[in-house]
Amino acid sequence: MSTKFYITTPIYYVNDVPHIGHAYTTIAADVMARYHRLKGDPVFFLTGTDEHGQKVEKAARERGRTPKEHADLLSVNFRKLWEKLEITHDAFIRTTDMEHIAVVQELLQALFDKGEIERRTYEGWYCTPDERFWTEKEIVEGKCPDCGRPVEQIKEDNYFFLMSKYQERLIGHIQRHPDFIRPESRRNEVLGFLTTQKLGDLCISRPKARLAWGIELPFDRDFVTYVWFDALVNYYSATRYLSPAAGGSQDPGARERFWWPADHHLVGKDILTTHSVYWSTMLMALDRPLPRNIFAHGWWTRDGRKMSKSLGNVIDPNEVVDTYGADAFRYFVLREVPFGLDGDFSTETFITRFNTELANDLGNLLSRVMTMVGKYFDGKIPPAGAEEQSDRELREVAEGLPALIEADLAHLTFNKYLQDAWQLVTRANRYVEENAPWTLAKKNDMARLATVMYNLAEALRLIALHLAPVVPGTARKIWTAVGMDGFDQVRLAEERQWGRIAAGAAIKPGAQLFPRIETRKDTGRGSERMNAPDKSIRGQADKSNKGEKRMETGAAAPKIEQTTTAPELIGIEEFAKVQLRVGKIVAAERVEKSDKLVKLKVDIGTETRQVVAGIGKAYAPEQLLDKQIVIVANLKPAKLMGVESQGMLLAASSGDILSVVTPDKEIAPGSKVK
Ligand code: ME8
């Protein structure tokens, strides 16, 4: 049964250009929207720009423009980037839209008429850049607790939304709806704050004398609306004038009833309070249902540091996409970091994932199959014969995916979704090894070779189907390559079945999906450049090729030091003394009073070991769960901060980056590493 699906991103301020953080939230929402469309659900995916308020007014003034001129110019940057990233939003809202302004004024008037808004004299501290009031207790040494800039003492009349009276009701709502705020840690944070502190009322106006760029209060023309009140309403106002027709009806009321409440508001953790507290209480006062879920994801840093213009380390998604393609970027950001946790963007990890997962695992799989079907079957997918054990195993992995992915996306665990989908890529590669098609060809066993080729093509078709929400361009190429058409009309329910490729379908091989990124080291042109700090992700990339030809980059591949004096060598018998084993992390928690040490329970097949590792700055405990690692299994136990460690895990480090060594395929815990 199909159910409507309404998802939103924050509306981004037009005081700056878009960067990786904005792209991240929007890509995540796009994946959800695409997945629900694939399921046949009616979807409304909304994004847009937040164009009122002090920040925008200031940015415009600095550039000698009117706020509206500035908003018009900067809003386009977001639209262009979304196009480049293949974002499929159904609507792009701007808070300067006349229809939005009318809804904001209607809601303000309704709240005012109901006595939910009151005029009061406010005297206290105000942070002008953040447009926020602070109490005496909240400020820190005369500075804004949020941005650290000096606060001003102001006294003025303003209008207040009586938010405080909804405190208990909001606590109750959060307690009764475990999925309302996600992830769990953020939900607990909000609950912790609400149950220990008294909620104040919310100042929802600014005197025009101080700020003119905003929506006028309908009941007092001397004031404009506080930018957050205006901005949050976008999620609701859009249902009236930007949402798809509801059951064929364009009537604003019918559309609102059909689409509201939203299923997910995706936001960064920076704006969780405004969404979970301000927005929820506003809706309560308006007698409107609350959104089903607010999901606050983590924060991206660059090479371990906060991104900022002054550090010059902001990642421009445009550049990454121009160089490596939209799909690689989309894949990386969702695969690299569990949604909800903070993440770090480093060129090194980007290139490693690109080369190992996209170029090797996926790209090579397709090109091998294309080459063999071309060579042995004249470019036509041959019919499959009797099913053998490896065929069945491959099919079963493919058939198990829809349930896994459905569950993953219900919880927005994008990295798990990609890991699950990758099981089929990994299984298909293993299937190639097991069945050695080149040997079958040599033996002239064409019947078995036909079965193997059919099954590989079918696995590729299902890989395309299941990865389509994340890497839509690549999925389309694979789909077409294995002889299928109608990619845009594909529906999960029909296409998830095994065996949909008709024998005889003509393959359409294209260019390499992900041409390997060559580092200087690979090209043998000296290692000194290889380890040079990478100024930009673009590095030494050949800018003319747009991802179609081979690329080079000066970015660092794993560092292999060339020393001039011969290092002391050890014999194999000495190395053999070190027992390395694969382990799976089954529990992880921080060691008390240490920000570096993490206590792990590691399953090594025959037993579960407690291992204490100094990786707490690079990994949150939740990030480590289920990870496969390599441990030194015959190390004498040692105590670290009073906690016994029965082994040591392997990790690589370079500068600030620390990366735990993991096997590149799932392998039984306890397997020997040699
Ligand atoms: O806050 N890492 O707009 P904004 C991860 N207009 N996500 C990031 C990020 C980073 N380093 N930087 C930005 C506003 N984001 C308001 C929203 S909604 C009614 C009004 C993403 O332009 C993340 O989604 O500052 C964050 O919440 C949002 O951009 C903030 O965008």
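Okay, so let's go over this structure. (Residues numbered from 1 in each chain as written. Predicted model: local features only at pLDDT ≥ 70, side-chain atom pairs only at ≥ 80, totals over all residues. Heavy atoms only, no water.)

### Looking at the overall build of the protein
So, step 1. Helices and strands together make up the secondary structure of the protein, namely 21 helices and 27 strands.
So, step 2. Here the C-alpha atoms of the protein give a radius of gyration of 28 Å, agreeing with the 26 Å that 2.2 N^0.38 yields for 674 residues.
So, step 3. Counting only C-alpha atoms, the protein reaches 90 × 65 × 50 Å along its principal axes.
So, step 4. Relative to its full complement of 674 residues, the protein shows a buried share of 53%.
So, step 5. The long-range share in the protein, meaning contacts at least 24 apart out of those at least 6 apart in sequence, stands at 73%.
So, step 6. Of the roughly 30500 Å² of accessible surface on the protein, 50% is carried by carbon and sulfur atoms.
So, step 7. The distance from the centre of the 92 positive side-chain charges to the centre of the 93 negative ones in the protein is 2 Å. (Helix = DSSP H or I, 4+ residues; strand = E, 2+ residues; numbered from the N terminus. Rg over C-alpha atoms; globule rule 2.2 N^0.38 Å. Buried < 20%, exposed > 50% of the residue type's maximum accessible area, 1.4 Å probe, protein only. Contact = heavy atoms within 4.5 Å. Areas by Shrake-Rupley, 256 points an atom, 1.4 Å probe, with all protein chains shown as cover. Lys, Arg positive; Asp, Glu negative; His and termini not counted. Charge placed at Lys NZ, Arg CZ, Asp CG, Glu CD.)

### Section: unusual backbone geometry
So, step 1. Omega for the peptide link from arginine 182 to proline 183 comes to -5 degrees, which places this bond in the cis form.
So, step 2. Tracing the backbone through its elements, the reader meets proline 183 in the loop between strand E7 (181-182) and helix H6 (184-196).
So, step 3. Following tryptophan 260, the chain continues into proline 261 via a peptide bond in cis, with omega recorded as 5 degrees.
So, step 4. Position of proline 261 among the secondary structure elements: in the loop between helix H9 (252-259) and strand E12 (264-268).
So, step 5. Non-glycine residue glutamate 86 carries a positive phi angle of around 55 degrees.
So, step 6. Among the structural elements, glutamate 86 can be located in the loop between helix H3 (67-84) and strand E3 (91-94).
So, step 7. The exposure class of glutamate 86 is partly exposed, given its relative accessible area of 34%.

### Focus: the pattern of salt bridges
So, step 1. Taken as a whole and assessed by the stated rule, the structure comprises 49 salt bridges.
So, step 2. The closest approach of N and O atoms between aspartate 30 and arginine 34, which form a salt bridge, is 2.9 Å. Taken as a pair, aspartate 30 and arginine 34 lie in helix H1 (residues 20-38) at a separation of 4 residues, close to a single helical turn. Both residues of the pair, aspartate 30 and arginine 34, belong to the buried class.
So, step 3. The network of salt bridges with shared partners includes Glu51, Lys68, Asp72 and Arg94. (Salt bridge = Lys/Arg side-chain N within 4 Å of Asp/Glu carboxyl O.)

### Topic: the site of the ligand
So, step 1. The full set close to the ligand counts 22 residues, and Ile11, Thr25, Asp50, Asp270 and Trp300 are the nearest of them.
So, step 2. Interatomic distance of 3.4 Å between a side-chain N/O atom of histidine 22 and an oxygen atom of the ligand.
So, step 3. Note that a nitrogen atom of the ligand is positioned 2.9 Å from one of the backbone N or O atoms of tryptophan 300.
So, step 4. With the chains in place, 93% of the 670 Å² that the ligand exposes on its own is no longer accessible.
So, step 5. Looking at the shell around the ligand, the elements that each hand over two or more residues are strand E1 (5-13), H1, helix H7 (227-232) and helix H8 (234-241).
So, step 6. In terms of residues, the shell around the ligand owes the most to one element, E1, which gives 4 residues.
So, step 7. For the shell around the ligand, a count of residues per class yields 11 nonpolar, 9 polar and 2 charged. (Near = heavy atom within 4 Å. Polar contact = N/O pair within 3.5 Å; in protein donor to acceptor, adjacent residues only side chain to side chain. Nonpolar A, V, L, I, M, F, W, Y, C, P; charged D, E, K, R; others polar.)

### Points about the nonpolar core
So, step 1. Membership of the largest hydrophobic core comes to 107 residues, with the highest contact counts inside it found for Phe329 and Leu334.
So, step 2. For this core, the leading source of residues is helix H17 (residues 446-467), giving 14 residues.
So, step 3. Excluding residues within four positions of it along the chain, phenylalanine 329 makes contact with Ile20, Ala23, Ile27, Leu85, Pro317, Val320, Val321, Phe345 and Phe350.
So, step 4. Of all hydrophobic cores here, the second largest spans 60 residues; its members include Ile93, Tyr166, Leu217 and Phe229. (Core = buried A, V, L, I, M, F, W, Y, C linked by side-chain atoms within 4.5 Å.)

### Digging into the packing of aromatic side chains
So, step 1. Under the criterion given, the structure shown has 34 aromatic pairs.
So, step 2. Taking 5.0 Å as the distance between ring centres and 55 degrees as the angle between the ring planes, the aromatic pair formed by tyrosine 324 and phenylalanine 350 counts as tilted. Linking tyrosine 324 in helix H11 (residues 317-324) with phenylalanine 350 in helix H13 (residues 347-377), this pair joins segments that are 26 residues apart in sequence. Here tyrosine 324 matches phenylalanine 350 in class, with each residue buried.
So, step 3. Positioned over the ring face of phenylalanine 92 is arginine 79, at 4.3 Å from the centre of the ring. (Phe/Tyr/Trp six-rings, centres within 6.5 Å; stacked < 30°, edge-to-face > 60°. Lys NZ or Arg CZ within 6 Å of the ring centre and 35° of its normal.)

### Points about H9
So, step 1. Every buried residue of H9 is listed here: Ala254, Arg255, Glu256 and Trp259.
So, step 2. Summarising the contacts, the buried residues of H9 are in contact with E1, strand E2 (43-50) and H8.

### Overview of helix H5 (residues 167-176)
So, step 1. All of the buried residues in H5 are Gln167, Leu170, Ile171, Gly172, His173 and Ile174.
So, step 2. Lining the buried residues of H5 we find E7, H6 and helix H10 (272-285).

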